Amino acid sequence: MIRRSHTTILERNVRWTGSFASEPYEAAWAFEAVCFVRALEPMLSPGAAARVHLSANGMLWTDEGTPASQSLPFWAGPKRIDAVSIVYGRLAPEGLR
Amino acid sequence: MTLHGAPNDTRLWADPRLSRFSPLSRILFFDDFDCGMNGWTGLIGNYEGSLGTMLPEYRDLRPPMLSTISMWDTGTVGGLDGTYALKLATKPRPGALAVALKRLTWRYAGPLQLEVIFTFKPEAVALELLETDVRAFGFGLDLQVGDRATGAAERVMPHLRYLNALDGRRAEKWQFKRAIEPLRDIGGSGKTRSHFHLAPTGWEDVPRGDQRLCYNEIATKHNWYYVRIGFDLGSMAFTEFRCNDRVFDPSGIAPMRFPAMPNLSCMLNPFMWVEADAPTRAFLYVDSVVLSAEVDS
């Protein structure tokens, strides 16, 4: 059996300013996720950072736990997240609870 | 003789999941979302050069996902069978839409039939019924004639939606749309155009199309429904429409029809969508879909 994978676009053509969280995406089937961020225009605030949130129901969120010390330009490369208990995932900036 | 869901149709007994449906003689696809996305993807508006050229209404459409239908109070529901259903979720904003579609082409200008087992609910953000938080969900086909068609060179789009609520009031009726939205040029090359066919304007009531569905009594309980839509690619007209026990007169409903577009010959794209009526995410879940046809041998 060839390993299965799935790619989704969590957000598209969105201007991220201030605190921002992507819409929830269910991924109970996933053992791991690799996140990419693509800037369509030059970023005005290269110091932004983001991290992964997990949720059991899409409404209450907790940190996934992977250190998110990288800034967005670095983070725009692939980032691997191993999490076997994802039900919902979303991307959120530092500081959003 | 057409084995239209007859009890002795051995195709249906070969797979009990298929026996829930009444397909025409040729099954074009049978998608059970326990087996993945099966080619259903999000709808994106046409663009040229920049995503910014897309019609604004298309920018926020949310893509489908595979859902275990997990509720905060009772845990995982799963599909009608198996674990997963296809889920469409809007953003939490009145009028927000999520759309899924699958892209095929057709090979015989004859009868088509779309059957869907589905349910809908808003996100259970409050311990209330929330029965008016979902505005609508719907099913459609995006069709175009072949490049050697002898009749009118048309693109045809049958649309049917269940208007559950509007501006916070229950509506609970089926509607169709034949009104054409403006076709706008995209970019500057003259190659691409776009129209927002799911706009809130131009919907008409299906005759005797009021129907109260089994919404159930709290926001975290789901009951599965069945819908069947028959459409003939030869006459480009509806031939059948039913939801659960209700059979509606197909002569009272009509599709959008407008001149064919250059690059869409024989297009056959089934699609479905859900729309929010409140600042709450609206969800449409689909357990399985069958598209079938009468195909010449």
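Definitions and limits used
- Residues numbered from 1 in each chain as written.
- Chains lettered and ligands numbered in written order.
- Predicted model: local features only at pLDDT ≥ 70, side-chain atom pairs only at ≥ 80, totals over all residues.
- Helix = DSSP H or I, 4+ residues; strand = E, 2+ residues; numbered from the N terminus.
- Rg over C-alpha atoms; globule rule 2.2 N^0.38 Å.
- Buried ≥ 20, exposed ≤ 12 C-beta atoms within 10 Å, placed from the backbone.
- Contact = placed C-beta atoms within 7 Å.
- Pairing = 2+ DSSP bridges.
- Nonpolar A, V, L, I, M, F, W, Y, C, P; charged D, E, K, R; others polar.
- pLDDT = per-residue confidence, 0-100.
- Core = buried A, V, L, I, M, F, W, Y, C linked by C-beta atoms within 7 Å.

Moving on: the overall build of chain B. Helices and strands together make up the secondary structure of chain B, namely one helix and 22 strands. Taking 297 residues into account, the globule formula puts the C-alpha radius of gyration at 19 Å, and chain B, at 19 Å, falls close to it. Looking at chain B residue by residue over its 297 residues, the buried ones come to 39%. Put simply, 72% of the contacts in chain B that link residues at least 6 apart link residues at least 24 apart.

Bringing the pairing of strand 17 (residues 225-232) of chain B into the picture now. Residues and elements named next belong to chain B. In this sheet, strand 17 lies alongside strand 9 (residues 111-122) in antiparallel orientation, the contact comprising eight bridges. Paired with Leu114 across the strands is Ile229, a residue of strand 17. Where strand 17 lies against strand 18 (residues 237-243), six bridges are found, and the strand directions are antiparallel. Within the sheet, the bridge partner assigned to Ile229 lies in strand 18 and is Phe241. Between the antiparallel neighbours strand 17 and strand 18 lie four residues, among them Met236 with a positive phi of about 50 degrees.

On to the interface of chain A and chain B. Of the residues lining the interface, 16 residues belong to chain A; the matching set on chain B comes to 16 residues. Looking at the side of chain A that touches chain B residue by residue, the class counts come to eight nonpolar, five polar and three charged.

Here we come to the confidence of the model for chain A. Residue and element names in this part refer to chain A. A residue-level look at chain A finds 62% of positions with pLDDT of 70 or above and a mean pLDDT of 71. When mean pLDDT is taken per element in chain A, strand 1 (residues 25-26) scores highest with 92 and helix 1 (residues 72-75) scores lowest with 45. Taken as a whole, residues 71-79 scores under 50 in pLDDT and shows 22 contacts with residues more than four places along the chain or in a different chain. In the model, residues 82-86 has pLDDT below 50 throughout and makes nine contacts with residues more than four positions away in sequence or in other chains.

It is worth spelling out the nonpolar core at this point. Residue and element names in this part refer to chain B. With 70 residues, the main nonpolar core has Trp273, Val274, Leu284, Tyr285 and Val286 as its most contacted residues. Looking at which element gives the most residues to this core, the answer is strand 22 (residues 282-293), with nine residues. Apart from residues lying up to four places away in sequence, Leu284 is in contact with Leu88, Phe118, Phe120, Phe137, Met272 and Val274.

Attention shifts here to the environment of B:Ile186. Relative to the helices and strands, B:Ile186 is located in strand 14 (residues 184-186). By C-beta crowding, B:Ile186 is classed as partly exposed, having 19 other C-beta atoms within 10 Å.

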